[in-house]
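# Descriptive analysis of the structure
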Amino acid sequence: MSNPMPQLLEKLSALLGPKGFTADEGEMAPWLVDWRGRYHGAAAAMLSPAATHEVADIVRLCAEARVPIVPQGGNSSMVGGATPGEEGDALLLSMRRMNRLRSLSPEDNLATCEAGMILADLHDAAAIVKRRFPLTLGSKGSATIGGLVSTNAGGTQVLRFGTMRGLVMGIEAVLPDGSLYEGLAPLKKDNRGYDLRQLLIGAEGTVGVVTAAGLKLVPAIHERAVAWVGVSAPAAALALLRRLEEKTGDAVESFELVPRAALDLVLTHIPGTRAPLAGAHEWNILIEAVAPEGAPGPGDLLAGSLGQALEVGLIQDATIAVSEAQAEAFWRIRDSISEAEQKDGPAAKHDLSVEVAGMPDFIRDATQRVESRFPGTRVIAFGHLGDGNVHFNVRAPAGSGGEWHKQDAPGVISFVHDLVTQAGGSISAEHGIGQMRLQELARLGGSARLQAMRAIKQALDPHGIMNPGKLVPLA
Ligand code: 2HG
Ligand code: ZN
């Protein structure tokens, strides 16, 4: 068979025009490497459609020519999920031009956004009508709605509002044959069988391209209180969370664990940061409590509960931000951990979950086992303790160079993934599988899961053109 690419590129260039089509290497370069610089891919062209019908035409033409498509939003995947392979036989499908807010309804508590809309822009739009979209994460300035849907993103408000799965009310998507799935109607009840909406959420673009989503909004925050707390161990932190829930109802929206080593890394590498508490604590927690209009201030609620926790010795110290600027400064520390870690040197990153109540013991035992099995390594386990999800990152021994990733990290990663699997947990709590965790999913996913995933992929994408090499391990 002759190479279908030149003809396909000609058709796509005519279809999309100069704004929607480029094969220029310089223009494509920033989008062919993931933000951590771990995956370098190649593509024959980058396509930037401006409307759903253009996406449908692209997918139909690619399906006919059997040419792979790699959908991409803000390019902030943690697992190389939006970076094409090195072969250069794929087309990069940038959704960033499709960034319109199609509708915003405070009456329905609903925003309908195109896939390329940036999360922070949605936050701003919702605030204007006294609503908010209750999902946020460090990369909110670049992450797009399509990417958040396709990775079932989590972040720092999952504790109260859940992941994207609970926030997506409707989806519009182009399926791998170019047909349009029109599922935007925000139906609370819909029993027409298999749930395609949920199938597309977290599918990492392997069974279709999400072009728009209807998203649930909640009332805007009237007031928030942000506290920084020092504790001796993750078990005390979890006990504090349960206590706060009893005392404050559902006011606590974020409860983020920050070990001393992570705080130190941020203070060292991120300019303008300073420690919130005078003393050093082995573990810290960032807590955000909120209240809607008319409810008692969350600051008083939090201050009362933390005061009691201090009296009974559950926590070692605490401070509540006295201004919005200070609250932002606390959050900046939390949101800069990834960046600080990256600046510090190589680390084997993990995104683990176990049952919530089991996480403190898991952190303690797994840290001890990893550090004694791999001398010189240091574990930094941080993040979403209240969701039973921490980023269990194993830092390379001091002085290690980039080669540590290739030589030593794989052994560390499989060791950690074995531990979490033995504990009944998951090797990917919120970042997805992408290309980074593909082999580990194949090794540890279990045959029933893997067979079902392969069958779904084969049925919907028989030519394997949708984001190949991601999420679904080959048989
Ligand atoms: C976070 O919670 C992100 O900050 C990134 O999910 C985690 O860098 C990481 O390991
Ligand atoms: Zn996280």
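The structure displayed is predicted, hence computed values, not measured ones. (Residues numbered from 1 in each chain as written. Chains lettered and ligands numbered in written order. Predicted model: local features only at pLDDT ≥ 70, side-chain atom pairs only at ≥ 80, totals over all residues. Heavy atoms only, no water.)

## So, the overall build of the protein chain
Put simply, the test is: Numbering of helices and strands starts at the N terminus; helices are DSSP runs of H or I of at least 4 residues and strands are runs of E of at least 2. In this treatment the radius of gyration is a C-alpha quantity, and the globule benchmark scales as 2.2 Å times the residue count to the 0.38 power. Exposure is judged per residue with a 1.4 Å probe applied to protein chains only, and the accessible area is read against the type maximum: over 50% gives exposed, under 20% gives buried, and values in between give partly exposed.
For the protein chain, the count of helices and strands is 18 helices and 19 strands. For a compact globule of 475 residues, the expected C-alpha radius of gyration is about 23 Å, and the protein chain comes in at 23 Å, within 12% of that figure. In terms of its C-alpha atoms, the protein chain occupies a principal-axis envelope of roughly 75 × 55 × 45 Å. Across the 475 residues that make up the protein chain, the buried fraction comes to 53%.

## Quick look at the coordination of the zinc ion (ligand 2)
Put simply, the test is: Water is absent from the atoms considered, so a metal site may look incomplete; donors are defined as N, O and S atoms within 2.8 Å of the metal, or 3.2 Å for Na, K and Ca.
With distances of 1.9 to 2.2 Å, the protein atoms coordinating the zinc ion (ligand 2) are His384 (NE2), His391 (NE2) and Glu430 (OE). In the primary structure, the donors to the zinc ion (ligand 2) are separated according to the pattern H-x6-H-x38-E. Judged by its relative accessible area of 2%, His384 falls in the buried class. A relative accessible area of 5% places His391 in the buried class.

## Description of the sheet that holds strand E1 (residues 21-22)
Keep this limit in mind: Any two strands are treated as partners once DSSP identifies two or more bridges connecting them.
Spatially, 4 strands are ordered E1-E2-E4-E3 in an open sheet, and the strand pairing comes out mixed. In this open sheet, the two strands that pair with only one neighbour each are E1 and strand E3 (69-72). Here E1 runs beside strand E2 (residues 45-47); their pairing, made up of 2 bridges, is antiparallel. What sits directly across from Thr22, in E2, is Met46.

## Things to note about the site of ligand 1
Spelled out, the test is: Any residue with a heavy atom positioned within 4 Å of a molecule or strand is treated as near that molecule or strand. Any pair of nitrogen or oxygen atoms within 3.5 Å is treated as a polar contact; in protein, a donor-acceptor pairing is required on top of that, and neighbouring residues in sequence qualify only through side-chain atoms on both sides. Any residue that is not Ala, Val, Leu, Ile, Met, Phe, Trp, Tyr, Cys, Pro, Asp, Glu, Lys or Arg is counted as polar, Gly included; the first ten are nonpolar and the last four charged.
Within the structure, ligand 1 sits among Met78, Arg334, Ser338, Lys349, Phe382, His384, His391, Asn393, Glu430 and His431. Within the side chain of Glu430, one N or O atom sits 3.1 Å away from an oxygen atom of ligand 1. Take His431: an N or O atom from its side chain is 2.7 Å from an oxygen atom of ligand 1. At the level of elements, strand E18 (378-384) and strand E19 (389-395) are the ones that each hand at least two residues to the shell around ligand 1. Grouping the amino acids of the shell around ligand 1 by side-chain chemistry returns 2 nonpolar, 5 polar and 3 charged.

## Some thoughts on the nonpolar core
Defined as follows: What is meant by a nonpolar core is a set of buried Ala, Val, Leu, Ile, Met, Phe, Trp, Tyr and Cys residues, joined one to another through side-chain atoms within 4.5 Å. Any two residues whose heavy atoms approach within 4.5 Å at even a single point are treated as in contact.
Formed by 48 residues in total, the largest nonpolar core has its most connected members in Val229, Leu240, Phe255, Ile287, Phe362, Val370 and Phe392. Residue contributions to this core peak at 7 residues, all from helix H16 (residues 409-422). Apart from the residues lying within four places of it in its own chain, the contact partners of Val370 are Thr377, Val379, Phe392, Val394, Phe415, Val416 and Leu419. Cys113, Ala143, Leu148 and Ala153 belong to the second largest nonpolar core, which has 30 residues in total.

## Focus on the side chain of Thr156
Tracing the backbone shows Thr156 in the loop between helix H5 (145-150) and helix H6 (158-161). If we skip the residues at most four places from it in the chain, Thr156 touches Thr136, Glu253, Ser254, Glu256, Trp331, Arg334 and His384.

## Side note on the packing of aromatic side chains
What counts here: When two rings of Phe, Tyr or Trp (its six-membered ring) have centres within 6.5 Å they constitute a pair, described as stacked for plane angles under 30 degrees, edge-to-face for angles over 60, and tilted for the intermediate range. The rule for a charge over a ring is simple: NZ of Lys or CZ of Arg within 6 Å of the ring centre, and within 35 degrees of the ring normal.
In total, this model carries 3 aromatic pairs according to the counting rule given. Plain terms: the ring middles of Trp228 and Phe330 are 6.0 Å apart, the flat faces sit at 65° to each other, and that makes the pair edge-to-face. Here Trp228, found in strand E12 (residues 223-231), pairs with Phe330, found in helix H12 (residues 324-335); they are 102 residues apart in sequence, far enough to count as distant. Comparing Trp228 with Phe330, the two get one shared label, buried. Directly above the ring of Trp35 sits Arg36, whose terminal nitrogen or CZ lies 5.6 Å from the centroid.

## Re the pattern of salt bridges
Formally: Definition used for salt bridges: Asp or Glu carboxyl oxygen within 4 Å of a side-chain nitrogen of Lys or Arg.
Summed over all chains, the structure comprises 23 salt bridges. With its nearest N and O atoms 3.0 Å apart, the salt bridge here joins Asp418 to Arg443. Note that Asp418 is positioned in helix H16 and Arg443 in helix H17 (residues 438-444), a separation of 25 residues in sequence. Take Asp418: its relative accessible area is 28%, and that puts it in the partly exposed class. Judged by its relative accessible area of 41%, Arg443 is partly exposed.

## Focus: empty space enclosed by the protein
Unoccupied space between atoms shows up once a probe the size of one water molecule is rolled over them. The condition is simple: Points on a 1 Å grid over protein atoms alone make up a cavity when a 1.4 Å probe fits among them but cannot get out, and a pocket when they form an open set with protein on both sides within 12 Å along at least five of seven lines; lining residues each have an atom within 4 Å of a point. Grid points are joined across faces, edges and corners, and a volume is the space filled by probe spheres set on the points.
For the coordinates displayed, the defined rule picks out 1 cavity of 30 Å³ or more. For the largest cavity, the calculated volume is near 40 Å³. Every residue along the wall of the largest cavity is listed here: Thr156, Val158, Leu159, Glu253, Ser254, Phe255, Glu256, His384, Gly386 and Asp387. For the lining of the largest cavity, the elements supplying multiple residues, two or more each, are H6 and strand E13 (252-259). Per element, the largest residue contribution to the lining of the largest cavity is 4 residues, and it comes from E13. Looking at side-chain class alone, the lining of the largest cavity contains 3 nonpolar, 4 polar and 3 charged residues.

## Thoughts on the side chain of His391
Counting through the fold element by element, His391 comes out in strand E19. Separated by 3.3 Å, the side chains of His391 and His384 make a polar contact. Sequence-distant contacts of His391, defined by excluding residues within four places in its chain, comprise His350, Asp351, Ile380, Ala381, Phe382, His384, Glu430 and His431.

Read these as geometric descriptors, not functional statements.
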